[in-house]
Amino acid sequence: MSLLPRKALLAIAAVIDVAMQAEGRPVSAKTLAMRHGLPPRHLESVLQSLVRDGILKGIRGPRGGYELARDRARVTANDILRSAGTVDGLADGSGSEIMERVVLPALSVAEAEFGSALSRINLADMARKAESLGHGADSEPQS
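Residues numbered from 1 in each chain as written. Predicted model: local features only at pLDDT ≥ 70, side-chain atom pairs only at ≥ 80, totals over all residues. Heavy atoms only, no water.

1. A few points about helix H5 (residues 97-119)
Our working rule: A helix here means a DSSP run of H or I that spans at least four residues, while a strand means a run of E at least two residues long, and both kinds are numbered starting from the N terminus. Any helix carries an expected span of 1.5 Å times its number of residues minus one. Bend, in this description, refers to the angle at a residue between axes fitted to the seven residues ending there and the seven starting there. Contacts are assigned to residue pairs with any non-hydrogen atoms lying within 4.5 Å of each other.
Between the first and last C-alpha of H5 there are 32 Å, a value that for 23 residues agrees with the 33 Å anticipated at 1.5 Å per step. Taken as a whole, H5 carries its principal kink of about 35° at leucine 104; the proline proline 105 stands between one and four residues after it. The elements touched by buried residues of H5 are helix H4 (77-83).

2. What about the packing of helix H1 (residues 6-19) against helix H6 (residues 123-132)?
Operational definition: To obtain an axis, a line is fitted to C-alpha atoms, over the contacting stretch when the element is a helix, and the angle between two such axes runs from 0 to 180 degrees between their N-to-C directions. Any angle that falls under 35 degrees is termed roughly parallel, while one over 145 is termed roughly antiparallel, one within 65 to 115 roughly perpendicular, and all others oblique. Three classes are used, and their members are as follows: Ala, Val, Leu, Ile, Met, Phe, Trp, Tyr, Cys and Pro are nonpolar, Asp, Glu, Lys and Arg are charged, and the others, Gly among them, are polar.
Here H1 crosses H6 at 75°, and the two axes come no closer than 9 Å. With respect to each other, H1 and H6 are oriented roughly perpendicular. Packed against H1, whose contacting residues are Ile12, Val15, Ile16 and Ala19, the element H6 presents Leu123, Met126, Ala127 and Ala130 at the interface. Each residue belonging to the contact of H1 with H6 can be placed in one class, and the counts come to eight nonpolar, no polar and no charged.

3. Brief notes about the confidence of the model for the chain
Stated precisely, the cut-off is as follows: The pLDDT value tells you how sure the predictor is about a given residue, anywhere from 0 up to 100.
Per-chain confidence: the chain averages 84 in pLDDT, with 85% of residues scoring 70 or above. Counted against residues more than four places away or in other chains, residues 139-143, with its pLDDT under 50, gives ten contacts.

4. Focus: the side chain of aspartate 17
Just so we agree on the cut-off: Polar contact is the term for a pair of N or O atoms within 3.5 Å; when the atoms are in protein, one must be able to donate a hydrogen and the other to accept it, and sequence-neighboring residues count only if both atoms are side-chain atoms.
Along the chain, aspartate 17 turns up in helix H1. For aspartate 17, the side chain forms a polar contact with the side chain of arginine 35, separated by 2.5 Å.

See the structure below:
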C-alpha cells in the first residue's frame, strides 16, 4: 500500500522517463502516456504543472515534447509531487474543532517528516536505479 496517490507515482515515473532520454531528444506526452498505460489527456495537466514549476521544459513542434529543465541531481521527489499537486500542506480552516485541534496538529509532524524524506530522494538517483534495471528510454513508438 502506497501513501501516495496513483497520480503522484505516475508524475515521478514520467519525470524519471524524461530524465533518461538522450540530451536533445524530448519525449512527447503521447509517448509518455503510452509507456505508462494512460490516455494522454490524463498526463498532460501534470506535465504542464511540471513545466510551470521549472522541473520540465516543454518543446513545441513536430519533434517536440518534454525534457528536463534543470540538472537531475537538483530535482527531488518532493519537488515533483508538490508540482504535480499531489502533496500539499495540511489544510487550515477545514471545519470541525476536532479536525483543527486534534487531527491536523497530530498529522503535521508526520507530514513534515515525510516531506523531509521525499526531499532526500533525488531524480539522479532514481534515474540511475532505473537505468541499472535495464529500463532505458525507448525511441518514439511507430504510428
